[in-house]
Amino acid sequence: MDIENWLRVTPQGLCCVPGGFHIDPWQPVARAVVTHGHSDHARAGHAAVLATPPTLAIMAARGAAPERGQGLDYGRSVRIGDVSVRLAPAGHVLGSAQVVLEYEGTRAVVSGDYKRRPDPTCLPFEPVPCDLFVTEATFGLPVFRHPDDADEIARLLHSVALFPERCHLVGVYALGKCQRVIRLLRAAGYDQPIYVHGGLVEMCRLYEEWGVALGELRLATGPSADELKGQIVLAPPSALADRWARRLPDPVTALASGWMRVRLRARQRGVELPLVISDHADWDELCRTIDEVGAPELWVTHGNEDALVHVAGQKGIAARALYLEGYEEEEAA
Amino acid sequence: MMAFARLLDSLVYTGGRNAKLRLMADYFTHAPDPDRGYALAALTGGLDFPNAKPALIRDLAARRVDPVLFAMSYDYVGDLAETVALIWPERPQPAAHVPELGEIVEALRLTPKDGVAGLLEGWLDSLDATGRWALLKLITGGLRVGVSARLAKTAVAEWGGRDAAEIEEVWHGLKPPYAGLFAWAEGLADRPAVEDGATFRPFMLATPLEERDLAGLDPADFAAEWKWDGIRVQVAARGGTRRLFARSGDDVGGAFPDILEAATFDAVIDGELLVVAPDGEPASFNHLQQRLNRKTVTPKMLRDYPAHVRVYDMLFCEGEDLRPLPFAERRARLERWFARPRPRLDLSPLLPFESWDQLAALRDAARQNGIEGLMLKRKDSPYLSGRPKGPWFKWKRDALTVDAVLMYAQRGHGKRSSYYSDYTFGAWSGGALVPVGKAYFGFTDEELLQIDRWVRANTVNRFGPVREVRPGLVFEVAFDSVHASGRHKSGVALRFPRIARIRWDKPAAEADRLEALEALIS
Ligand SMILES: [Zn+2]
Ligand SMILES: [Zn+2]
């Protein structure tokens, strides 16, 4: 049966018609399946939400709790109407999931956001063979190829050693990037306290509750400028140019994001130390994932769709761009 | 190569001077010879690879990458070298051998033109994205990482605990990879010898005068003279060697045999190279242009455009270093030196004045040929290298302006690579626009964005990186003077044009006519 008969774009977002629910809808709906806790996917105001337990906890922490939340562990299936729904790890952030839908012998996988690199803060992406794959394409151009994250952390630590009288202010998205950067620093042997902006505290606590140990964190608002010399301070990207940052001792401004791969983008953000660390698949990984899931039909959303549609076409896949309106350019990228 | 690439990459993003110095010092500490020497050469603009051109890089990329994907990517990234560096297919395993900077520079120098593509392809395969970017920047010239030659030399000096002027002094006797210089900076060898002859000595330069500075300055402390509109040069003659240096330290003597012939003295003097009319007064800058950049000089050119040096200062006299002396004393020595006839040289006269107002009036009245403005020099100033703030000021006369219409826009370089930031503008002649000049500075980032948007919305034609736009945007263009020019279709050439204001308010039809510029020809 034609997939478009049961999975289609509606004004509220992607809708599974026979199941009567939406996936990551951007307007309040009666029933939603939510892939992960980033705010452009997990909006507030839904009546009922199905998601992994960590995602529900994240939604609650962000003030986006639904009236009724139903937790579904990875690998378990539920039936909603005539549709079977299963959540598979997406490797994006804690609790992030792909939604695996089966209806009348056809399987569709909605990936949400995903990455393929190992991440010590969440389970790795699981490729699920399917008839339709709905992929993100945040970094859907061949110029986006993320380097090894350990090398990026090594550059940060080299800079810390080179400028011991300055502090390093690193912009990290509150959910996911922050905790991953902390874990990467720990893995590189950095065992000093890491200073964090108040806006990051809640999510760090939540990650620790879910078993992701982060080592000693200190609030960056207390200590004197003198104490912060030579230290690493993490803050949400929006706080980098804020009044808040003025009291730091001559900070070297860094930003951890896949966008930092392109120099112009990094300079537009006024960043001195761009760190290419991303929670999304890069170009090679997008292409590899398409091969691995083997879907004859591909819908591309969320970013630079055209290049990926072009490449899928060359592979004989029926591909099209799905222009879903509600997603902003990923800050969290 | 990777260490050099990381250095360039860090420099691109680093704003502060001290941080840049620190990054360079860190590199000099860790990089071996000859890599660090070639790095210094690259940063000071001393490397040139005529066999490697942007077109070659584009061809290489076209062989490896789907053209549709390349076009989409180039459009997104905005810079050719960066696009190729990022998009180049990555090898699955790390390369067995990653080339070092010295190896690359030496191979490029020795490889004939038809072998360069193969070399480059191999290197692109073995470097990572940052390495590829640095390689492509290096070979296409113009690193544009926000480091001047002077700052790079200062970095070596400070890293070695030396004085930057000491490096300037010997610089022109040195060649990449500067092993002797680094050995000296590290305290392992003596300073490379200054060849005792007609060597280049760093110029002393003036800072622009802000008129509000004048209030704090005492006219009695200063001497004033005209700032002549030619080319600042140094004539060095000693022990049978005679040389004519431009400010860059380049020897331009080949184009001015008449000056060298007249340099029968033993001295190093600082002055302005001019072409003079039969009455002995400076001819327009355009005449000097006729003499510059010529490999061979014909007798006719020597006759029609005779060269002349108007002397400002004296650095050495018969082996004696005068630079530590105060300006007033050097000037007295210079005047005595001119007691004997000095063919093709004359003394730039000092201007008597008692108050700043009096001097300002002199400056405003000066509209004749060859005067760019005034120089103010503290009478007690020694001759220092570089551009120290305080002892010398240049006080340019006010610029002239014209309202011109934007005709073509081109993508910029470096930071501005994704914006249309280089502009050709024209004046009306009959019912058509004729181009009269090009400029690319004078904007805030916000204005740049607005113009960029306007250009994209008003394009009528595209030729590669250039867009032709409909006549609709007027610039107020400031310039120092206008000269007749046979090389420009308009017949005029502007000196130092820069865009002073964007006249969003002004209809293109009301912009200036070519005749307005012709009337200003000096
Ligand atoms: Zn996300
Ligand atoms: Zn997203």
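Everything numeric in this text was worked out from a predicted model, so none of it was measured. All residue numbers refer to position in the chain's written sequence, counted from 1. Naming scheme: in the order in which they are written, chains are lettered from A and ligands are numbered from 1. Selection of residues for local features in this predicted model requires a pLDDT of at least 70, selection of side-chain atom pairs for listing and counting requires 80 or more, and totals for whole chains, interfaces and linings are taken over all residues. The side-chain values count all of the structure's non-hydrogen atoms but skip hydrogen atoms and water molecules.

On to the overall build of chain B. Under the scheme used here, helices are H or I runs from DSSP no shorter than 4 residues and strands are E runs no shorter than 2 residues, and both carry numbers assigned from the N terminus. When helices and strands are tallied, chain B shows 19 helices and 19 strands. On C-alpha atoms alone, chain B measures out to a radius of gyration of 26 Å, which is about the 24 Å that the 2.2 N^0.38 rule sets for 522 residues. In terms of its C-alpha atoms, chain B occupies a principal-axis envelope of roughly 75 × 70 × 50 Å. Each of the 522 residues in chain B was classed as buried or not, and the buried ones make up 53%. Only heavy atoms enter the contact rule, under which two residues are in contact if any of them lie within 4.5 Å. In chain B, of all internal contacts separated by at least 6 residues, the share reaching a separation of at least 24 is 69%. Only the protein chains shown count as cover for residues, and all accessible areas are computed by the Shrake-Rupley method using a 1.4 Å probe. Here chain B has roughly 23,300 Å² of accessible surface; of this, 51% comes from carbon and sulfur atoms. Mean positive and mean negative side-chain charge positions of chain B (69 and 71 charges, respectively) differ by 3 Å. What the globule rule says is 2.2 Å times the number of residues to the power 0.38, and the radius of gyration is computed from C-alpha atoms. Burial here depends on accessible area, computed with a 1.4 Å probe over protein chains only, as a share of the maximum for the residue type. Under 20% is buried, over 50% is exposed, and the range in between is partly exposed. For this count, His and the chain ends are skipped, Lys and Arg are scored as positive, and Asp and Glu as negative. Every charge is mapped onto a representative atom, which is NZ of Lys, CZ of Arg, CG of Asp or CD of Glu.

A word on the packing of aromatic side chains. Aromatic rings from Phe, Tyr and Trp, taking only the six-membered ring of Trp, are treated as a pair when their centres fall within 6.5 Å; an angle between ring planes under 30 degrees marks them as stacked, one over 60 as edge-to-face, and anything in between as tilted. Taken as a whole and assessed by the stated rule, the structure comprises 23 aromatic pairs over all chains. Through pairs of rings, three or more aromatic residues link up here, namely Phe-4, Tyr-27, Phe-28, Trp-159 and Phe-182 of chain B. For a lysine, the NZ atom is tested; for an arginine, the CZ atom; a charge sits over a ring if that atom is within 6 Å of the ring centre and within 35 degrees of the ring normal. For the cation-ring pair, Arg-166 of chain A lies above Phe-163 of chain A, with the distance from its terminal atom to the ring centre recorded as 5.1 Å. The positively charged end of Arg-265 of chain A is found above the aromatic ring belonging to Trp-259 of chain A, 4.4 Å away from the centroid.

Attention now moves to the interface of chain B and chain A. Taken together, the contact pairs 32 residues of chain B with 31 residues of chain A. Buried surface at the junction of chain B and chain A, both sides included, amounts to about 2,600 Å², of which 58% is carbon and sulfur. Here a salt bridge means any side-chain nitrogen of Lys or Arg lying within 4 Å of a carboxyl oxygen belonging to Asp or Glu. Summed over the shared surface of chain B and chain A, the number is 4 salt bridges. Put simply, Glu-165 of chain A and Arg-22 of chain B hold a salt bridge, and the shortest N to O gap is 2.7 Å. Residues adjacent in sequence count toward polar contacts only when both atoms are side-chain atoms; beyond that, a polar contact is any pair of N or O atoms within 3.5 Å, and within protein one must be able to donate a hydrogen and the other to accept it. For the interface between chain B and chain A, the tally reads 13 residue pairs in polar contact (both at pLDDT 80 or more). Elements represented by at least two residues in the side of chain B that touches chain A include exactly α1 (2-13), α2 (17-30), α5 (67-77), α6 (80-87) and α9 (129-140) of chain B. Of the residues forming the side of chain B that touches chain A, the biggest block, 6 residues, is contributed by α5 of chain B. Amino acids are sorted into nonpolar (Ala, Val, Leu, Ile, Met, Phe, Trp, Tyr, Cys and Pro), charged (Asp, Glu, Lys and Arg) and polar (every other residue, Gly among them). Its residues assigned to classes, the side of chain B that touches chain A shows 16 nonpolar, 7 polar and 9 charged. By buried area we mean the combined loss of accessible area, with a 1.4 Å probe, across both parts when two parts are placed together.

With that settled, the discussion passes to the side chain of Asp-282 of chain A. Residues and elements named next belong to chain A. With respect to the helices, strands and loops of the structure, Asp-282 is situated in the loop between β17 (273-275) and α7 (283-293). A polar atom in the side chain of Asp-282 sits 3.2 Å from the backbone nitrogen of Asp-284. If sequence neighbours within four positions are ignored, Asp-282 has contacts with Arg-117, Phe-139, Phe-144, Arg-145 and His-146.

How far each domain reaches was decided by an automatic or database domain assignment. Domain assignment breaks chain B into domain 1 (2-140), domain 2 (207-396) and domain 3 (400-518). Put simply, the middle of domain 1 of chain B and the middle of domain 3 of chain B, counted by C-alpha atoms, are 33 Å apart.

Residue and element names in this part refer to chain A. For Na, K and Ca the donor cut-off is 3.2 Å, while for other metals it is 2.8 Å, and in both cases only N, O and S atoms qualify; water is not among them, so sites may look incomplete. The protein atoms donating to the zinc ion (ligand 1) are His-36 (NE2), His-38 (ND1), His-92 (NE2) and Asp-113 (OD), with metal-donor distances spanning 2.2 Å. For the zinc ion (ligand 1), the 4 donor atoms in the first shell make angles of 88 to 169° at the metal, a pattern classed as irregular. Between consecutive donors of the zinc ion (ligand 1), the numbers of intervening residues give the motif H-x1-H-x53-H-x20-D. Separating the zinc ion (ligand 1) from the zinc ion (ligand 2) is a gap of 3.6 Å, which Asp-113 spans by donating to each of them. Of this pair, His-38 sits in the loop between β4 (31-33) and β5 (48-51) while His-92 sits in the loop between β8 (83-89) and β9 (97-103), and the two are 54 residues apart along the sequence. The rule is simple: four donors are tetrahedral if all their angles sit between 85 and 135 degrees, four are square planar and six octahedral if opposite donors span more than 155 degrees and the others lie between 65 and 115, and anything that fits none of that is irregular.

Residues and elements named next belong to chain B. Two elements in contact, helix α4 (residues 54-64) and helix α8 (residues 116-126), have axes whose closest approach is 11 Å; the angle formed by their N-to-C orientations is 60°. Put simply, α4 runs oblique to α8. Read as a crossing pair, α4 and α8 show a hand that is right-handed. When α4 is examined against α8, the residues Leu-56, Ile-57, Leu-60, Arg-63 and Arg-64 are found in contact with a partner set consisting of Val-116, Ala-117, Leu-120, Glu-121, Leu-124 and Asp-125. The residue makeup of the contact of α4 with α8, split by class, is 7 nonpolar, no polar and 4 charged. Where helices are involved, their axes are fitted lines through C-alpha atoms of the stretch in contact, as for all axes, and angles between N-to-C directions lie from 0 to 180°. Convention used here: angles under 35 degrees read as roughly parallel, angles over 145 as roughly antiparallel, angles from 65 to 115 as roughly perpendicular, and any remaining angle as oblique. For a crossing to be left-handed, the near helix must be turned anticlockwise from the far one by less than a right angle; the clockwise case is right-handed.

Another aspect to go through is the pairing of strand β7 (residues 77-80) of chain A. Residues and elements named next belong to chain A. Here β7 shows a buried face lined by Val-78 and Ile-80 and an unburied face lined by Ser-77 and Arg-79. Any two strands are treated as partners once DSSP identifies two or more bridges connecting them. Bridge count between β7 and β8: 4 bridges; the pairing is antiparallel. Note that in β8 the partner of Ile-80 across the bridge is Val-83. Where β7 folds back onto β8 in an antiparallel hairpin, the turn is made up of 2 residues, including Gly-81, whose phi is positive at roughly 60°.

This part is about α1 of chain B. Expected helix span is taken as 1.5 Å per residue step, with the number of steps being one fewer than the number of residues. Taking 1.5 Å per residue, 12 residues should reach 16 Å; α1 of chain B reaches 17 Å between its end C-alpha atoms and fits that length. Listed in full, the buried residues belonging to α1 of chain B are Met-2, Phe-4, Ala-5, Leu-7, Leu-8, Asp-9, Leu-11, Val-12 and Tyr-13 of chain B.

All names here are of chain A. Taken in spatial order, the 6 strands of this open sheet run β1-β2-β3-β4-β5-β6, and their pairing is mixed. Either end of the sheet is taken by a strand with one partner, and the two such strands are β1 (7-10) and β6 (68-71). This sheet shows a mean twist of 30° between the axes of neighbouring strands, independent of strand direction. Note: strand β2 (residues 13-16) against strand β3 (residues 21-23), 3 bridges, orientation antiparallel.

By the definition in use, this model includes 51 salt bridges over all chains. The salt bridge involving Arg-263 of chain A is made with Asp-9 of chain B; its shortest N-O contact spans 2.9 Å. Separated into two different chains, Arg-263 of chain A in helix α6 (residues 263-268) and Asp-9 of chain B in helix α1 make up a pair that spans both. In terms of burial, Arg-263 of chain A and Asp-9 of chain B fall into one category: buried. Here Lys-377 of chain B and Glu-225 of chain B are joined by a salt bridge, their closest N and O atoms 2.7 Å apart. Pair noted here: Lys-377 of chain B is in strand β9 (residues 371-378) and Glu-225 of chain B is in strand β2 (residues 222-228), with a separation of 152 residues, a long-range link. Given the relative accessible area of 1%, Glu-225 of chain B is considered buried. Taken together, the salt bridges that share partners define one network made up of Lys-115, Asp-119, Asp-149, Arg-180 and Asp-279 of chain A.

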